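If you want the building blocks of each chain, they are given just below.
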Amino acid sequence: GGGLTYRLPSSESMAGPLHWSFAVVLLAAVSVQGRAQKALGFCARTTRVNSRIQPAGGRRSLGAARGLPRRNLLAAGTTITALGGLSWLRRYQGIALADEEGPSTPSSSTENLYKSDVTGYSFRYPGASFKPAPKLLKTHKDEVFFKSTLRKKYNFGVTADPVTIGALSDFGSVEEVADKIIALERDKEGVLNAELRRSGKTMVSGHECYTFDYTSNSTRGNIHYLSNLVIDNEKNLHTFTIQAKQEEFEEVKDEMRAILSSFALKD
């Protein structure tokens, strides 16, 4: 059809993990619908975080112009989904939220169980200190976001998007993905420093999962992130990211890790 237009939130309105100009790691829907080349084309033309981007119809894509093999294009499309999911948590902080609470989740002073009715993943969270904060316009196959009722900038969220590969290793090693995250975070406007604490692999419901622990200190605050990437049996890439202020990380790190480790894919 016609060109796709996206409005990118301004960097001043958000504190988040990834540089928006790394658009090769955004827009999963484009890659899944077979338009990875268009995604690469308009990503290359992105010059500012808070710009408006629109692929020109009929223009040769970056991939086509350089003769990139199809495997590289599929890998780029998957990276669009993966790191775009990491950026998603940050985008929520610059978008108006609906007044209603969204998916039904019972209140509790202990743990609540959240289960997706789209891809079937689940996780547990402290019901007394987190509440759903749904977005007015959804941009993923499935997405959910929770914010703390007690601490500012203490949030977590999950996105799920279809991809064309079945293994994370098909588009890069955990070290390669970690290097991209940190390099691009350091290049983001307002960022004073970004540091990778650790990266690694674990298993989630029998599937390989990439794990990342890193910080980003910017003019908007010093934030500590934990994030996991995993692909399910139906080739949905799930990105689970939780963040807190670095100054409060020691107080909440066990809770952050417990929430993250409770994530499970559909049986």
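Before reading on, note that the structure itself is shown above.
Notes on the structure follow. Everything quoted here is computed from the prediction, not taken from an experiment. Just so you know, the residues in each chain are numbered from 1, in the order the chain's sequence is written. In view of the model being predicted, local features appear only for residues whose pLDDT reaches at least 70, and side-chain atom pairs are presented and counted only at 80 or more, with totals across whole chains, interfaces and linings using the full set of residues. The side-chain quantities take in all heavy atoms of the structure and omit both hydrogens and water.

**Overview of the overall build of the protein chain**
Helix numbering and strand numbering both begin at the N terminus, where a helix is a DSSP run of H or I of at least 4 residues and a strand a DSSP run of E of at least 2. Along the protein chain, the regular secondary structure elements total 6 helices and 11 strands. Note on classification: 1.4 Å probe, protein chains only; a residue is buried when its accessible area is under 20% of the maximum for its type, exposed when over 50%, partly exposed between these limits. With 267 residues in all, the protein chain has 51% of them scored as buried. By the convention used here, residues are in contact when the closest approach between their heavy atoms is within 4.5 Å. Within the protein chain, contacts between residues at least 6 apart in sequence are counted, and of these 62% link residues at least 24 apart. Element-wise, carbon and sulfur atoms account for 47% of the exposed surface of the protein chain, whose accessible area totals about 12,300 Å². Values of accessible area rely on a 1.4 Å probe in the Shrake-Rupley scheme; residue burial ignores everything except the protein chains shown.

**Points about unusual backbone geometry**
Positive phi values are uncommon outside glycine, yet Ser205 reaches one of about 50°. The topology assignment puts Ser205 in the loop between strand E8 (191–204) and strand E9 (207–218). Despite not being glycine, Lys235 shows a phi value in the positive range, around 60°. Locating Lys235 in the fold gives a position in the loop between strand E10 (221–231) and strand E11 (236–245). What makes Lys235 partly exposed here is its relative accessible area of 37%.

**A look at empty space enclosed by the protein**
Only protein atoms enter the calculation, which uses a 1 Å grid: trapped sets of points that fit a 1.4 Å probe without letting it out are cavities, open sets showing protein on both sides within 12 Å along at least five of seven lines are pockets, and any residue with an atom within 4 Å of a point is a lining residue. Grid points are joined across faces, edges and corners, and a volume is the space filled by probe spheres set on the points. Scanning all chains against the criterion turns up 1 cavity of 30 Å³ or more. Considered as a void within the structure, the largest cavity measures approximately 30 Å³ in volume. Along its surface, the largest cavity is lined by Val204, Cys209, Asn228, Leu229, Val230, His238, Phe240, Leu260 and Phe263. Taken together, the elements giving at least two residues each to the lining of the largest cavity come down to E10 and E11. The biggest single contributor to the lining of the largest cavity is E10, with 3 residues. Any residue outside Ala, Val, Leu, Ile, Met, Phe, Trp, Tyr, Cys, Pro, Asp, Glu, Lys and Arg is labelled polar, Gly included; the first ten of those are nonpolar and the last four are charged. Its residues placed into classes, the lining of the largest cavity shows 7 nonpolar, 2 polar and no charged.

**Focus: helix H6 (residues 249–261)**
For H6, built from 13 residues, the straight-helix expectation of 18 Å at 1.5 Å per residue is met to within 8% by its first-to-last C-alpha distance of 17 Å. Those residues of H6 that sit buried are Phe249, Val252, Met256, Ile259 and Leu260. Of the surrounding secondary structure, the elements contacted by the buried residues of H6 are strand E4 (122–126), strand E5 (130–132), strand E7 (155–162), E10 and E11. Expected span, for any helix, means 1.5 Å times one less than how many residues it has.

**A short note on the packing of aromatic side chains**
Each aromatic ring pair is summarised here by two numbers: the centre-to-centre distance and the angle between the ring planes. Centres within 6.5 Å make a pair out of two Phe, Tyr or Trp rings, where for Trp the six-membered ring is used; the pair is then stacked when the planes are under 30 degrees apart, edge-to-face when over 60, and tilted otherwise. On inspection of all chains with the given rule, the structure shows 17 aromatic pairs. Relative to Phe123, the ring of Tyr121 lies with its centre 6.4 Å away and its plane at 10°, an arrangement referred to as stacked. For Phe123, a relative accessible area of 0% gives the class buried. Through pairs of rings, three or more aromatic residues link up here, namely Tyr114, Tyr121, Phe123, Tyr125, Phe130, Phe146, Tyr154, Phe156, Phe240 and Phe263.

**Observations concerning the pattern of salt bridges**
One speaks of a salt bridge when a side-chain nitrogen belonging to Lys or Arg is within 4 Å of a carboxyl oxygen belonging to Asp or Glu. Counted under the stated rule, the structure contains 9 salt bridges. Arg151 is the salt-bridge partner of Glu251, the closest N and O atoms lying 3.2 Å from each other. With a gap of 100 residues between them, Glu251 in helix H6 and Arg151 in the loop between strand E6 (142–148) and E7 connect regions that are remote in the sequence. Glu185 is the salt-bridge partner of Lys188, the closest N and O atoms lying 3.0 Å from each other. For the pair shown, Lys188 and Glu185 are each scored as buried. A single network of salt bridges, built from pairs that share partners, joins Arg151, Glu248 and Glu251.

**Some words on the environment of Gly190**
Within the secondary structure layout, Gly190 lies in the loop between helix H5 (174–186) and E8. Residues Gly190 and Asn217, 27 residues apart in the sequence, show an inter-C-alpha distance of 8.7 Å. Once residues within four sequence positions are removed from consideration, Gly190 is found in contact with Ser218, Thr219 and Arg220.

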